[in-house]
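Results of the structural survey
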Amino acid sequence: KEMEQITAKIDVNKIKFTNIANLATAISSLGRSITENITSKVQELENKAKVDSKEAAENSKIELISQMHKNLMPDGSDMPTSKFLDIASFIIPSKTNPTDFYDIFKIDKDNIGIVFGSCSKTGSEAINAINLSTNFIRKSLITDTLLPGQTVTELNKLLMQRDRKDFNASIFV
């Protein structure tokens, strides 16, 4: 603002000496150039800050969803054992699109529950569906002693009651 005020005060028409008038014109031009450059750099920095802020928020959201997805998956330390099966698990959750899931657990001394599936939606919708599905299936098989077919039928009824526009879940038990 001060540079604009100073350059506005320079009136080259009032200066009688040509060399001084040329110098005043050059100084005025330089002042305007500096002002324009500073204004454009400030605008550029403000725009970059807005973009960086949006990217930081999106990255935080993605990291949170990825961590929530990872926390829902079995960590391998509580894998059931079987004399007939060698069981292991591993997952690398997607950073941007966590939709797949699995669970493996002991139902009773002779039975193991294995669940895997995929959701068509991503983000918190997928996390909510995964959490609801795996908890429901565990409870149905362990506590309610339902068979896998009954469990999936009951889960389907539960999921059909929710708002499912453009939402698809495929689950194998």
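The coordinates are above.
In what follows, the accompanying structure is described. This one's a predicted model, so the numbers in the text were calculated from it and none came from an experiment. (Residues numbered from 1 in each chain as written. Predicted model: local features only at pLDDT ≥ 70, side-chain atom pairs only at ≥ 80, totals over all residues. Heavy atoms only, no water.)

1. What about the overall build of the chain?
Helix and strand counts for the chain stand at four helices and three strands. Counted from the first residue to the last, the chain has its helices and strands arranged as α-α-β-β-α-α-β. By the compact-globule yardstick of 16 Å for 173 residues, the chain is too spread out, its C-alpha radius of gyration being 33 Å. Summarising its shape, the C-alpha atoms of the chain cover approximately 105 × 35 × 20 Å along the three principal directions. Looking at the chain as a whole, 23% of its 173 residues qualify as buried. Of the contacts made within the chain by residues no fewer than 6 positions apart, 58% connect residues no fewer than 24 positions apart. (Helix = DSSP H or I, 4+ residues; strand = E, 2+ residues; numbered from the N terminus. Rg over C-alpha atoms; globule rule 2.2 N^0.38 Å. Buried < 20%, exposed > 50% of the residue type's maximum accessible area, 1.4 Å probe, protein only. Contact = heavy atoms within 4.5 Å.)

2. Notes on the environment of Ile-171
In this structure, Ile-171 sits in strand 3 (residues 169-172). Ile-171 gets classed as partly exposed once you look at its relative accessible area, which sits at 23%. In the structure, Ile-171 is positioned 154 residues away from Phe-17 in sequence and 89 Å away in space, judged by C-alpha atoms. Contact partners of Ile-171, with chain neighbours within four places excluded, come to Phe-101, Val-115, Phe-116, Gly-117, Ser-133, Ile-137, Leu-155 and Leu-159.

3. A short note on the sheet that holds strand 3
In space, the three strands of this open sheet follow the order 1-2-3, with antiparallel pairing throughout. Looking at strand neighbours, the two that pair on one side only are strand 1 (100-106) and strand 3, the edges of this open sheet. The average undirected angle you get between the axes of adjacent strands in this sheet is 15 degrees. (Pairing = 2+ DSSP bridges. Axes fitted to C-alpha atoms, helices over the stretch in contact; angles between N-to-C directions.)

4. Here's the deal with the pattern of salt bridges
Here the structure, examined in full by the defined rule, presents five salt bridges. A salt bridge links Asp-144 to Lys-139; the shortest N-O distance between them is 2.9 Å. (Salt bridge = Lys/Arg side-chain N within 4 Å of Asp/Glu carboxyl O.)

5. Quick notes on the packing of helix 2 (residues 18-72) against helix 3 (residues 123-143)
Running from N to C, helix 2 and helix 3 cross one another at 15 degrees; their axes reach a closest spacing of 10 Å. The angle between helix 2 and helix 3 falls in the class roughly parallel. By crossing handedness, the relation of helix 2 to helix 3 is classed as left-handed. Note on element contacts: helix 3 touches helix 2 through Gly-123, Ser-124, Ile-127, Ile-130 and Asn-131, opposite Ile-65, Met-68, His-69 and Leu-72. Partitioned by chemical class, the residues of the contact of helix 2 with helix 3 number five nonpolar, four polar and no charged. (Parallel < 35°, antiparallel > 145°, perpendicular 65-115°, else oblique. Left-handed = near helix turned anticlockwise from the far one by under 90°. Nonpolar A, V, L, I, M, F, W, Y, C, P; charged D, E, K, R; others polar.)

6. Section: the pairing of strand 2 (residues 112-119)
Burial along strand 2 is one-sided: Gly-113, Val-115, Gly-117 and Cys-119 are buried, and none of Ile-112, Ile-114, Phe-116 and Ser-118, which face the opposite way, are. Pairing of strand 1 with strand 2 involves seven bridges; the strand directions are antiparallel. Bridge pairing in strand 2 links Ile-104 to Ile-114. Between the antiparallel neighbours strand 1 and strand 2 lie five residues.

7. A short note on the environment of Arg-138
Its location among the elements puts Arg-138 in helix 3. The residues touching Arg-138, leaving out its near neighbours within four places in the chain, are Asp-103, Ile-104, Phe-105 and Thr-143.

8. Thoughts on unusual backbone geometry
Within the chain, Thr-145 stands out as a residue other than glycine whose phi angle is a positive 50 degrees. Note on placement: Thr-145 falls in the loop between helix 3 and helix 4 (148-160).

9. Section: the nonpolar core
Grouped together as the largest cluster of nonpolar side chains are 13 residues, with contacts concentrated most on Met-73, Phe-101, Phe-105, Val-115, Cys-119, Ile-130 and Ile-137. Every element with two or more residues in this core is listed here: strand 1, strand 2, helix 3 and helix 4. No other element matches helix 3, which puts five residues into this core. Setting aside anything within four residues of it in sequence, one finds Phe-105 in contact with Pro-80, Ile-112, Gly-113, Val-115, Ile-137, Arg-138, Leu-141 and Ile-142. (Core = buried A, V, L, I, M, F, W, Y, C linked by side-chain atoms within 4.5 Å.)

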